[in-house]
Each structure stands twice: as structure tokens, then as C-alpha cells.
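Below, each chain spelled out in residue letters.
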Amino acid sequence: MSLTSVLDIAGSGMNAQSIRLNTTASNIANAESASSSVDETYRARKPWFAVLEKEQSNINSQDEAFMQSAEGSGAGVQVMGIVEKDSPLQMRFQPNHPMANDDGYVYYPNVNVVEEMTDMMSSSRSYQMNIEVLKTAKQMLQRTLTLGQ
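Cut-offs applied
Residues numbered from 1 in each chain as written. Predicted model: local features only at pLDDT ≥ 70, side-chain atom pairs only at ≥ 80, totals over all residues. Heavy atoms only, no water. Helix = DSSP H or I, 4+ residues; strand = E, 2+ residues; numbered from the N terminus. Buried < 20%, exposed > 50% of the residue type's maximum accessible area, 1.4 Å probe, protein only. Contact = heavy atoms within 4.5 Å. Polar contact = N/O pair within 3.5 Å; in protein donor to acceptor, adjacent residues only side chain to side chain. Phe/Tyr/Trp six-rings, centres within 6.5 Å; stacked < 30°, edge-to-face > 60°. Lys NZ or Arg CZ within 6 Å of the ring centre and 35° of its normal. Patch = residues over 30% accessible without salt bridge, like charges linked within 9 Å, V, L, I, M, F, W, Y side chains within 5 Å. Areas by Shrake-Rupley, 256 points an atom, 1.4 Å probe, with all protein chains shown as cover. Salt bridge = Lys/Arg side-chain N within 4 Å of Asp/Glu carboxyl O. Axes fitted to C-alpha atoms, helices over the stretch in contact; angles between N-to-C directions. Parallel < 35°, antiparallel > 145°, perpendicular 65-115°, else oblique. Left-handed = near helix turned anticlockwise from the far one by under 90°. Nonpolar A, V, L, I, M, F, W, Y, C, P; charged D, E, K, R; others polar. Expected span 1.5 Å × (residues − 1). pLDDT = per-residue confidence, 0-100.

Considering the overall build of the protein chain
Then, number 1: Looking only at helices and strands, the protein chain features three helices and four strands.
Then, number 2: Counting from the amino terminus, helix and strand elements in the protein chain follow one another as α-β-α-β-β-β-α.
Then, number 3: Out of the 149 residues in the protein chain, the part that is buried amounts to 28%.
Then, number 4: Considering only contacts within the protein chain whose residues lie at least 6 apart along the sequence, 70% involve residues at least 24 apart.

Right, dumping it as C-alpha cells:
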């Protein structure tokens, strides 16, 4: 596998995990935002990832054989979009709350903070691993350049 292929794959992974971290942070920040109606309530968001196909990347024919040997692997990851979770909102009876509707209910987002923290740790670790891949590729390139000296 060429260095540019490794860089492309690691770079796409870092980009995807960065977007995942940002959406998770947004979910946590809005976890306790109250609303008086279902339509105005924040809904948890998740990034939608897909395998970056070989035709869409810069992989050359020499790398093709290696990539095919790794069953089910692609040429990186792409972010297809950000989708809202369809789990039900939290409806709490709080008649004294300033955002309560006529029936005394306040709506809260469908954000599970424990799940969001788990996602944040997972995406942070994945981001760190992609950085390690880039560091290793850089070291290999530097060692290769010193072979001719």
C-alpha cells in the first residue's frame, strides 16, 4: 500500500471522527434544553458513515490487490450526513416550569448522556489511532529516505 493511500484512509477517518465528536458535543450541550412543544425540542443527532469506495479514492492499481485481500475493507470512510434520532422525546410533568405547556408538560431532548459520553470516548480513541497511523507512515517514509545515505 502506498503512503498516499494510507494518508487518505487515515485522513478520512480523522475527518469522520471529528464530525462525530462535534455532533456528540452538541447533543450533550442540549441534553437539558426544555421546550413547550414537540416541534421546538432539540433531537439528538448522529453522523451517518459509509465506506469510501475504491473508485472515489486515490488508490492506484498496486494497492488494489492489497485492499482486496483485506475482506470487506474499503478506501476510507465518508460522512453521508447527520441524521436525527427517532427515539421519543422526554415529556415531564412540571406545571411550575416557565416552559410548561397548557397541560403542565415540558419536553426534553431524546439525548442519553451516558450513550453520548461513550460515543465521545470511542470517537476520541479512533481519532487518536488515526493520528498514530499517520505518525507511523511518516516514520516509515523518513527511514526510507535515509536508506540511500
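Back to the write-up after that little detour.
A closer look at the environment of lysine 46
Then, number 1: On the secondary structure map, lysine 46 appears in strand β1 (residues 45-51).
Then, number 2: Separated by 70 residues in the primary sequence, lysine 46 and glutamate 116 place their C-alpha atoms 9.9 Å from one another.
Then, number 3: Beyond its immediate sequence surroundings of up to four residues, lysine 46 is in contact with Gly81, Ile82, Val83, Lys85, Glu115, Glu116 and Asp119.
Then, number 4: Polar side-chain contacts of lysine 46 include one of 2.6 Å to the side chain of aspartate 119.

Thoughts on the packing of aromatic side chains
Then, number 1: Overall, the coordinates contain one aromatic pair when judged by the stated rule.
Then, number 2: Judged by centre distance (5.4 Å) and plane angle (65°), the rings of phenylalanine 93 and tyrosine 105 are edge-to-face. Placement of phenylalanine 93 in strand β3 (residues 90-93) and of tyrosine 105 in strand β4 (residues 105-108) is noted, with a sequence separation of twelve residues between them.
Then, number 3: The exposed category is assigned to phenylalanine 93, whose relative accessible area is 52%.
Then, number 4: If you follow arginine 92 out to its NZ or CZ, it ends over the ring of tyrosine 108, 3.9 Å from the centre.

With respect to a nonpolar patch on the surface
Then, number 1: There is a patch of nonpolar side chains on the surface, built from Trp48, Met80 and Val83 and spanning about 300 Å² of accessible area.
Then, number 2: Here methionine 80 lies in strand β2 (residues 77-84).

Details of the packing of helix α1 (residues 3-29) against helix α3 (residues 113-146)
Then, number 1: Put simply, α1 and α3 touch, their axes get as near as 9 Å, and they point 160° apart. With respect to α3, the element α1 is oriented roughly antiparallel. With respect to the hand of their crossing, α1 and α3 are arranged in left-handed fashion.
Then, number 2: Its residues assigned to classes, the contact of α1 with α3 comprises 16 nonpolar, ten polar and three charged.

Looking at α3
Then, number 1: Under the 1.5 Å per step criterion, the end-to-end length of α3 is 50 Å for 34 residues, consistent within 8% with the ideal 50 Å.
Then, number 2: The complete set of buried residues in α3 reads Glu116, Asp119, Ser123, Asn130 and Ala137.
Then, number 3: Lining the buried residues of α3 we find α1 and β1.
Then, number 4: Capping of α3 at its N-terminal end is provided by asparagine 112; its side-chain oxygen lies 3.1 Å from the backbone amide nitrogen of valine 114.

Focus: the side chain of glutamine 17
Then, number 1: Within the secondary structure, glutamine 17 is located in helix α1.
Then, number 2: On the accessibility criterion, glutamine 17 (11% relative accessible area) is buried.
Then, number 3: Of the polar contacts made by the side chain of glutamine 17, one reaches the side chain of arginine 20; its length is 3.2 Å.
Then, number 4: If sequence neighbours within four positions are ignored, glutamine 17 has contacts with Phe49, Ser123, Ser126 and Tyr127.

Looking at the confidence of the model for the protein chain
Then, number 1: Per-chain confidence: the protein chain averages 85 in pLDDT, with 85% of residues scoring 70 or above.
Then, number 2: Looking across the protein chain, the model is least confident in helix α2 (residues 61-69), with a mean pLDDT of 48, and most confident in β4, with 95.

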